Amino acid sequence: MAKVLGMRCRECGEEVPPGPVHVCELCFGPLEVVLNWEEIGPKVTREKIQAGPPSMWRYWDLLPVEGQPTVGKNVGWTPLVKAKNLGKVLGLNNLYIKNDAVNHPTLSFKDRVVACALTKAREFGYDTVACASTGNLANSVAAHAAEGGFKSYIFIPNDLEQGKVLGTLIYGANVLSVTGNYDEVNRLCAEAGGKYGWAFVNINLRPFYGDGSKSFGYEIAEQLGWKAPDHVIVPCAGGSLVSKIYKGLNEMHKVGLIDGVPTKMYAAQAKGCSPITTAIKTESEVFRPQKPNTIAKSIAIGNPADGYMAMDTVRRSGGWADDVTDEEVIDGIRLLGRTEGIFCETAGGVTVSVAKKLAEQGRFGADDTVVIAITGNGLKTQEAVVGRLGQTVGIQPNLASLDAALSTEALLASTR
Ligand SMILES: *Cc1c(COP(=O)(O)O)cnc(C)c1O
Ligand SMILES: [Zn+2]
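Nothing here was measured: the structure is a model prediction, and the numbers come from that model.

## Quick word on helix 12 (residues 307-317)
It helps to recall that an α-helix has 3.6 residues per turn; residues three or four apart then point in one direction.
Next, step 1: The set of residues buried in helix 12 consists of Gly307, Met309, Ala310, Met311, Thr313, Val314 and Ser317.
Next, step 2: Among the residues trailing helix 12, Gly318 stands out with phi positive, at a value near 85°.

## Observations regarding the site of ligand 1
Next, step 1: Around ligand 1, a shell composed of 15 residues is seen, among which Lys110, Gly238, Gly239, Leu241 and Thr375 lie nearest.
Next, step 2: Side-chain polar atom of Lys110 to an oxygen atom of ligand 1: 2.8 Å apart, as the coordinates give it.
Next, step 3: At 2.9 Å, a side-chain N or O of Asn136 approaches an oxygen atom of ligand 1.
Next, step 4: Here the shell around ligand 1 is built from residues that sort into 7 nonpolar, 6 polar and 2 charged.

## A short note on the domain arrangement of the protein chain
Interfaces are frequently sized by the accessible area removed from exposure as the parts join.
Next, step 1: Domain annotation for the protein chain reports domain 1 (4-72 + 110-209) and domain 2 (80-106 + 213-384).
Next, step 2: Summarising the inter-unit geometry, the C-alpha centres of domain 1 and domain 2 are found 21 Å apart.
Next, step 3: On the side of domain 2, 40 residues touch domain 1, which itself brings 38 residues to the contact.
Next, step 4: In total, domain 1 and domain 2 occlude about 3,400 Å² of area from one another, counting both sides; carbon and sulfur atoms represent 49% of this.

## Considerations on the coordination of the zinc ion (ligand 2)
Next, step 1: Cys9 (SG), Cys12 (SG), Cys24 (SG) and Cys27 (SG) make up the full set of protein donors to the zinc ion (ligand 2), lying at 2.2 to 2.4 Å.
Next, step 2: If you look at the zinc ion (ligand 2), its 4 donor atoms make angles of 97 to 117° with each other, and the shape they trace is tetrahedral.
Next, step 3: For the zinc ion (ligand 2), the donor residues sit on a single chain with the sequence spacing C-x2-C-x11-C-x2-C. Here Cys12, found in the loop between strand 1 (4-9) and strand 2 (15-16), pairs with Cys27, found in the loop between strand 2 and strand 3 (31-35); they are 15 residues apart in sequence, far enough to count as distant.

Quick notes on the rules
- Within every chain, residues take consecutive numbers counted from 1 along the sequence as written.
- Written order determines the labels here, with chains lettered from A and ligands numbered from 1.
- Owing to the predicted nature of the model, reporting of local features is limited to residues with pLDDT of at least 70; listing and counting of side-chain atom pairs is limited to 80 or more, with chain, interface and lining totals taken over all residues.
- The basis for every side-chain value is the complete set of heavy atoms in the structure, and neither hydrogens nor water enter the calculation.
- Per-residue accessibility, obtained with a 1.4 Å probe over protein chains only, is compared with the maximum for each type, and a residue is labelled buried under 20%, exposed over 50%, and partly exposed between these values.
- Note on conventions: DSSP H or I runs of at least 4 residues are helices, E runs of at least 2 residues are strands, and numbering of each starts at the N terminus.
- Residues are classed as near a molecule or strand on a simple rule: at least one heavy atom within 4 Å of it.
- In the analysis that follows, any N or O atom pair within 3.5 Å is treated as a polar contact, provided that within protein one partner can donate a hydrogen and the other can accept it, and provided that, for residues neighboring in sequence, both atoms belong to side chains.
- Following the grouping adopted for this structure description, the nonpolar residues are Ala, Val, Leu, Ile, Met, Phe, Trp, Tyr, Cys and Pro, the charged ones are Asp, Glu, Lys and Arg, and the polar ones are all others, Gly among them.
- An automatic or database domain assignment supplies the start and end points of every domain.
- A contact between two residues is defined here by any heavy atoms of the two lying within 4.5 Å.
- Note: buried area is the sum, over both parts, of the accessible area (probe 1.4 Å) each one loses when the two are combined.
- Donor atoms (N, O, S) are those found within 2.8 Å of the metal centre, with the cutoff raised to 3.2 Å for Na, K and Ca; water is not part of the atom list, so apparent gaps in a site can occur.
- Between 85 and 135 degrees for all angles marks four donors as tetrahedral; over 155 degrees for opposite donors together with 65 to 115 for all other angles marks four donors as square planar and six as octahedral; every other arrangement is irregular.

Here is the structure:
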C-alpha cells in the first residue's frame, strides 16, 4: 500500500489523488498530504527510529515519500542545545536552542523541506526544479539540485544579502534576480509554474515541502527524551514551519511515540513585516498583507501562503505572538552569540528577542521547557551586524605592544 493516500483540501475537505498539486480545484483552499495512518501507526516505534540514520530520515515512516530518499540523505538531526546562559538572562531553567544554523548542507532549516520536496520531485518524474525564495530556500534548492542532478531555476528578490546570493551561485544554479519584493517574485513563479512545468518546491510541491518541516518537531521531542516541550518560539515567513512543528508533535502523539502535546506555539516576526503576529495580537480573523521593510529578509513575506494555518496553530495551541524592531533583531543576534556561542542569522535575532519579550510578559513558568527555533546561520547575513560588534584591537607582534593593549580600556570594552 502507498504511504500517501491522497491530497485533502483544508477548507472543503475535497480529496484528490497524490500529485504535484497544491490548491483545491473546487474552492482554491490549500491541499495537504493524507498519510495512511492505519499502515504507518503500528510500524513506528521509538526503537525503530533510534536505530535509524542520524538524519531527518530516521522518521521516514512519517514523511510523505514512497521510496528511500534520493536527495538530501544527511539533512537534519541537528543539536538541541541546553541554553543555560541565555536561560539565566531570560529567567528560564529549562531553555533549549534547536540549532538548525548547523543543518547540513546549507545551514538553515530549509534543507529539511528541500530534501523532502526533491525526493518527491524525483518520484513524480521531474528533471527540473525551481523555487521562489527569500534566500535560504534558494541556497538549499540549488545545493540539492546539484547533488541530485536536477536542472534548477532559482528566483530571488534583487536586494538579498551577498552571502545568500553567492551561496546559491556556487552550486551552478540558474539564478533569476527579480526587481521586486518576495511577494512579487512569488506571483511571477506561480505564473511560470503553469507555463514551464517545473517542480516548484514551494508552489506545486508545497504540500510535500511543508511536511519536511515536521522533522524539526519530531527531533525536538525525541531529543527531550520522547516528550513534547511546553513552549516553542518559531520565526514565521510563509507560516509553514510553525504549523508543521505542531503537526509533527501531534502525529507523534497519535502513533504513541509521546504521551501528550501540552505545547504552546509562538510566532515571531520583525515589526517591518508582521502580518501573522499582528493578526494574532489583534485577535483578528483576517490578516492584512504588508510591504516588507526589515533587515530580517529571510522571513520578510508580506502575504504569507500559510498565514491562516499559522494563526490557527498558534490559537489552537494556546500560544501567542510578538514582533521586534530591527534594532532588537541585532540585539538578539548578539545576545545569542555572547551567551551561547551560536551565531544566528537575522531570523534568529528576531526569535531570540521575541522569546525575551514573551518571557518578560510572564508567559513561561521558570521551570517550563522552552525551545527557541534557530533556523539559519549568521555567516549568511553578515551585513546585519557589520559595524555593530565593537572593534578588533590592533597590536604589533611583540609583548610590549600586547602589554600596552591589555592595559587600555579599549580592549576591556571590546571583550566584554
Ligand atoms: C524560511 C525561513 C523561515 C520561516 O519559514 P516559513 O515556513 O515560511 O514560515 C524561518 N527562518 C528562516 C531562516 C527561514 O529561511
Ligand atoms: Zn476545497
